[in-house]
Amino acid sequence: MNAPTTRRLTVAQALVEFLAHQYTERDGRRHRLINACWGIFGHGNVAGLGQALLESGAASRRGETPGAPVLPYLQGRNEQAMVHAAVGYARQCDRLSAHAVTTSIGPGATNLVTGAALATVNRLPVLLLPGDTFATRPADPVLQQLEVPQAGDVSVNDALRPVSRYFDRVTRPEALIPAALQAMRVLADPVDTGAVTLALPQDVQAEAYDWPEEFFADRVWRVTRPLPDADALADAVRAIRGARRPLLIAGGGVHHSEAEDALCAFADATGIPVASTQAGKGSLRYDHPADIGGIGHTGTATADALAREADLVIGVGTRYTDFTTASATLFAAPGVRFLNLNVAPFDSHKLGAASLVADARAGLEALTKELSGHRVDAAYEAGYGAAKADWERRVDAAFGAADDSVRPSQTQVLGALDALVDDTDIILNAAGSLPGDLHKLWRARSRRQYHLEYGYSCMGYEIPGAIGVRMAAPDRPVWALVGDGTYLMNPTEIVTAVQEGVPINLVLIQNHGYASIGGLSQATGGERFGTDYRFRAADGTYTGAPLPVDLAANAASLGMHVLRAGTVGELRAALAEARGANRPTCVYVETETADTVPGAPEAQAWWDVPVAETATRPAAVAAREAYDRHAAGRRRHL
C-alpha cells in the first residue's frame, strides 16, 4: 500500500492553499468560497500570511503550479473598512462567495470588531485572519500584547468572540485542519453564517508541517434548499386561506435565496400585498401591483396602514427588528397572527408565529402550489392598489423641483438619481437620514439594486461596501450615497478604489452634521444637542457658523474625480457624467436642510428610544409625554 503523500508548508502557506480550493454549490452552480484576501501587514502577519500570499501569487505567475487556483491579495487602508468591502462583496454574491481579511496583532486586530459585528448581525460571511501573540511565548509580552494577569491565554483577539459565528485560535500546526474545516462549514451555512475568526499566532503562521495532500483537494460545500415540513405547510396554507387581510413582509432572506421570482409568482397568484424590510426591499419591482414598499418606522403610508389592520402577517426571510415592527406597536389588529417562513428556526419562531422552517424559494414555491385557486378579496386588492397609486403620486411630488436653479433638498437628490438610473444600477447606503428616505421613496427596479446595510447601520460602510459590490458586479454602476458625517468617519478606501481602478460613484451630501440623529434628538427632547458641525457659540454650544470644511477637495486629494453641483440642474448633469465615467467619481452637493419627505413625523410608525423620565427643560417634558402615549401601544405577540 502506498504511503499517504504529504506536502511540507508553513501554516500560513497551507491555509492559503486550502482556501484556494474551497467552493460552494447551489442549484448545480459552483462558486469559489473565498475569492480574495484583503490585508494590512504588520509584525503579526507580514512574515506569515503576507509571505504565503506573495509566494502563492508568484508561483502561479511563474507557472510552477499550472492550473492551481490562486488567492488574490487586495490592499486596504483600514481594517474595519476591509471587512466592510468583504461584506459588500458577499451580499452581492448571495452569500455564495466571500473574502478573507488578514491583519496584524494589536490595533489591526481590534479594528476588525465593528466590521465583524456588522457581518454577523446581517448574516453575511467573512473570514477574519488576525495575527496573534506568540503561542510558544519566547518573549512575553511582545509589542502590542494585551496582558491579562489572571489569564495567560487571552489576547485582544478574544474581543472578536462575541461578534463571530465561529472562533478558534490555532496554537498548533495540526490544529489548522479541523479549525479550517469548521470555518468553511459555518461560512457556507445560510443559518449559521456571519463573521468567522481564525486567530493565528505569529510564530505558528511561520512554522512548517507535513500536510496530507487530501487537505488541499477541491472541496465543495453544498448550499441546500430545505423543504418545509408537510404538516407545517398544511397549517400555513390553512392560515392563509382563512385570513381576510393577509400581509407578506419580505426580508433579506428573499434575496439571499434568490427567491424573487418565486415571490412574484406567489403575489401574482394570491394577490397578497408585499411590504419589505430594508434588507428585503427590491424583492418585488416597485411597479409590481402587489408591492407596497417599505414597512415599519421608515415605511410607506400604504404598507404601515395595511400592517395596522392585517389579521395575518407572513414574514419571509426577516428577523423582525424594531424598525420593522415599530417597536412592537405596528401590528395592532385584535387577534393578529404571524406565519414565518425562514431557513433559521431562531427567526421563524419570533412573535409567537406558526413556523415554516425552509429555504425561502422552496417555501414560497410550495405555498403557491398548495394555495392554487386562492386569492384575496377583490375589494382588499383594489383598496391597497389605490393607496399604492396615491403614494407614488406623493413620491413624484417629493422628487420634483419647481426650478432647476435652486439648491436641491436631499429628497430631490434622490429624485434626480431616480430619473437617471435603470435596472442595472446599484444604490448603497448604511446610516444617517438617507436610509429612512430611501426605504420610503426609492423605486427598486431589480434584484440587488437596493443595498442598505441597516442591520448594524454602520457609519463608514458605504465607500468600502461599494468597492466590494462593484468587485462582485463589475458591469453594474454602483452609487454610494454618503452624508458628511459618514464621510468623515471613513473616507480612506477612496485610495483603494483609485489604486484598483474600481469605478464607484460617490454621491457626497453635505448638510453640516448628523441630520438623522439631530431629528431624533429633537423628537426626544435633546434639542439637537451635539449633532451639528458648527463652531462653538458664546454660550458654549455648537450653534455658531458652519465649519469651513471642503469635503470635495478632500475626496479629490485622495484621487477621486470630483464634480460639484450647486443646483438641481447642475446635479442632474453631474450625475449623468458620473454614471458614464470609467474611474472613481464623486458628485458633491450641498443640500437644503428643509426636506419634503411625504408623511408628517407624527403619522410615522413609532420607534422606541426612551426619553428622560424627569427633566426641567420643556422640550424633554413634552417628549416624555409623547413617549408615554406611544409606549402604551406596545404589545407582546404570544
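Everything below is about the structure printed above this text.
Every value quoted in this text rests on a predicted model; they were computed, and no experiment measured them.

A. Molecular detail of the overall build of the chain. In terms of regular secondary structure, the chain is built from 24 helices and 23 strands. Over its C-alpha atoms the chain spans a radius of gyration of 26 Å, differing by no more than 12% from the 26 Å that the globule rule assigns to 638 residues. For the chain, buried positions account for 55% of its 638 residues. Expressed as a percentage of contacts within the chain between residues at least 6 apart in sequence, the contacts between residues at least 24 apart total 76%. The averaged location of the 71 negative side-chain charges in the chain is 3 Å from the averaged location of its 58 positive side-chain charges.

B. Structural context of the pattern of salt bridges. Applying the stated rule across the entire model yields 39 salt bridges. Of the charged contacts in the structure, one is a salt bridge between Arg579 and Asp422, with a shortest N-O distance of 3.1 Å. Of this pair, Arg579 sits in helix α23 (residues 568-579) while Asp422 is found in the loop between α16 (410-420) and β18 (426-429), placing the two residues 157 residues apart along the sequence. A network of salt bridges, in which partner residues are shared, links Arg26, Asp27, Arg29, Arg225, Glu258, Asp359, Arg361 and Glu365.

C. Structural context of the sheet that holds strand β6 (residues 98-103). Read across the sheet, 6 strands follow the order β5-β4-β6-β7-β9-β8 without closing on themselves; strand pairing throughout is parallel. Edge positions in the open sheet fall to β5 (73-75) and β8 (166-169), since each of these has one partner strand only. Taking the axes of each pair of neighbouring strands and ignoring which way they run, one obtains an average angle of 20° across the sheet. Lying on the sheet, helix α5 (residues 112-121) is in contact with β6, β7 (126-132) and β9 (195-201); it crosses β7 at an angle near 155°.

D. Structural view of a nonpolar patch on the surface. A cluster of nonpolar side chains, Phe41, Val46 and Tyr73, forms an exposed patch at the surface whose accessible area comes to about 240 Å². Topologically, Phe41 is positioned in the loop between β4 (34-39) and α2 (46-62). Since its relative accessible area comes to 32%, Phe41 is described here as partly exposed.

E. Region of interest: the sheet that holds strand β20 (residues 478-483). Overall, parallel pairing links the 6 strands, which are arranged β19-β18-β20-β21-β23-β22 in an open sheet. Of all strands in the sheet, those with a lone pairing partner are β19 (450-452) and β22 (561-565), marking the two edges. The sheet shows a mean angle of 20° between the axes of neighbouring strands, taken without regard to direction. Where β18 and β20 come together, 3 bridges link them in parallel fashion. Counted as the bridge partner of Leu428 is Ala480 from β20. This element, α23, spans β20, β21 (505-510), β22 and β23 (585-590) of the sheet and lies at about 160° to β22.

F. Just the packing of α16 against helix α17 (residues 434-441), in detail. One can describe the packing of α16 onto α17 by two numbers: an axis separation of 11 Å at closest approach and a directional angle of 50°. Taken together, the axes of α16 and α17 lie oblique to each other. Relative to α17, α16 is oriented so that their crossing is right-handed. Residues Gln410, Thr411 and Leu414 of α16 pack against Leu434, Asp437, Leu438 and Leu441 of α17. Split into classes, the residues belonging to the contact of α16 with α17 amount to 4 nonpolar, 2 polar and 1 charged.

G. Local environment of the nonpolar core. By size, the foremost hydrophobic cluster in this structure holds 52 residues, and its most contacted members are Ile240, Leu248, Ile295, Phe331, Leu364 and Leu367. Considering each element in turn, this core owes the most residues, 5 residues, to helix α8 (residues 230-242). In terms of nonpolar packing, the next biggest core, distinct from the first, is built from 49 residues, Val101, Cys458, Ile467 and Ile494 among them.

H. Up close: unusual backbone geometry. In this model, Asp140 is joined to Pro141 through a cis peptide bond whose omega is 5°. Of note, Pro141 is situated in the loop between β7 and β8.

I. Representation of the packing of aromatic side chains in the model. The final tally for this structure, using the stated rule, is 11 aromatic pairs. Taking the centre distance of 6.3 Å and the plane angle of 90° together, the rings of Tyr320 and Phe338 count as edge-to-face. One end of the pair, Tyr320, is in the loop between β15 (312-316) and α12 (322-325); the other, Phe338, is in strand β16 (residues 337-342), with 18 residues separating them in the sequence. Owing to a relative accessible area of 5%, Phe338 belongs among the buried residues under this scheme. Chaining the aromatic ring pairs together yields one cluster made of Phe18, Tyr209, Trp211, Phe215 and Phe216. Sitting over the face of the ring of Tyr23, Arg30 holds its NZ or CZ atom 5.8 Å from the ring centroid.

J. How the structure looks around the pairing of β22. Both β22 and β23 contribute to a ladder of 5 bridges, which runs parallel. Bridge assignment links Ala565 to a residue of β23, and that residue is Val589. This β-α-β element, β22 to α23 to β23, shows right-handed connectivity.

K. Layout of the packing of helix α3 (residues 79-92) against helix α18 (residues 462-472). Interhelical geometry of α3 versus α18 gives an angle of 40° and a closest axis separation of 7 Å. With respect to α18, the element α3 is oriented oblique. Taken as a pair, α3 and α18 cross one another with a handedness that is right-handed. Residues Ala81, His84, Ala85, Gly88, Tyr89 and Gln92 of α3 form the contact with α18, whose own contacting residues are Pro464, Gly465, Gly468, Val469, Met471 and Ala472.

L. Region of the structure containing the environment of Ala545. Secondary-structure assignment places Ala545 in the loop between α21 (515-523) and α22 (551-557). Take Ala545: its relative accessible area is 45%, and that puts it in the partly exposed class. With 11 residues separating them in the primary sequence, Ala545 and Arg534 have C-alpha atoms 5.5 Å apart. Excluding anything up to four places from it in sequence, Ala545 contacts Arg534 and Phe535.

M. Summary view of the state of the cysteines. For the structure on display, the rule yields 0 disulfides. Of all cysteine sulfurs, the one in Cys93 lies closest to Cys37, which takes part in no disulfide; the gap is 16 Å. Owing to a relative accessible area of 2%, Cys37 belongs among the buried residues under this scheme. Sulfur of Cys586: no disulfide; nearest cysteine sulfur belongs to Cys458 and is 20 Å away. Note on Cys586: relative accessible area 0%, which makes it buried.

N. Looking closely at α5. Burial of α5 is extensive: 7 of the 10 residues sit out of reach of the surface. Residues Leu112, Gly115, Ala116, Ala117, Leu118, Ala119 and Thr120 constitute the buried set of α5. One or two steps after α5, the chain reaches Arg123, where phi turns positive at roughly 55°.

The rules behind the values
- Residues numbered from 1 in each chain as written.
- Predicted model: local features only at pLDDT ≥ 70, side-chain atom pairs only at ≥ 80, totals over all residues.
- Heavy atoms only, no water.
- Helix = DSSP H or I, 4+ residues; strand = E, 2+ residues; numbered from the N terminus.
- Rg over C-alpha atoms; globule rule 2.2 N^0.38 Å.
- Buried < 20%, exposed > 50% of the residue type's maximum accessible area, 1.4 Å probe, protein only.
- Contact = heavy atoms within 4.5 Å.
- Lys, Arg positive; Asp, Glu negative; His and termini not counted.
- Charge placed at Lys NZ, Arg CZ, Asp CG, Glu CD.
- Salt bridge = Lys/Arg side-chain N within 4 Å of Asp/Glu carboxyl O.
- Pairing = 2+ DSSP bridges.
- Axes fitted to C-alpha atoms, helices over the stretch in contact; angles between N-to-C directions.
- Patch = residues over 30% accessible without salt bridge, like charges linked within 9 Å, V, L, I, M, F, W, Y side chains within 5 Å.
- Areas by Shrake-Rupley, 256 points an atom, 1.4 Å probe, with all protein chains shown as cover.
- Parallel < 35°, antiparallel > 145°, perpendicular 65-115°, else oblique.
- Left-handed = near helix turned anticlockwise from the far one by under 90°.
- Nonpolar A, V, L, I, M, F, W, Y, C, P; charged D, E, K, R; others polar.
- Core = buried A, V, L, I, M, F, W, Y, C linked by side-chain atoms within 4.5 Å.
- Phe/Tyr/Trp six-rings, centres within 6.5 Å; stacked < 30°, edge-to-face > 60°.
- Lys NZ or Arg CZ within 6 Å of the ring centre and 35° of its normal.
- Right-handed = clockwise from strand over helix to strand, strands pointing away.
- Disulfide = S-S within 2.5 Å.

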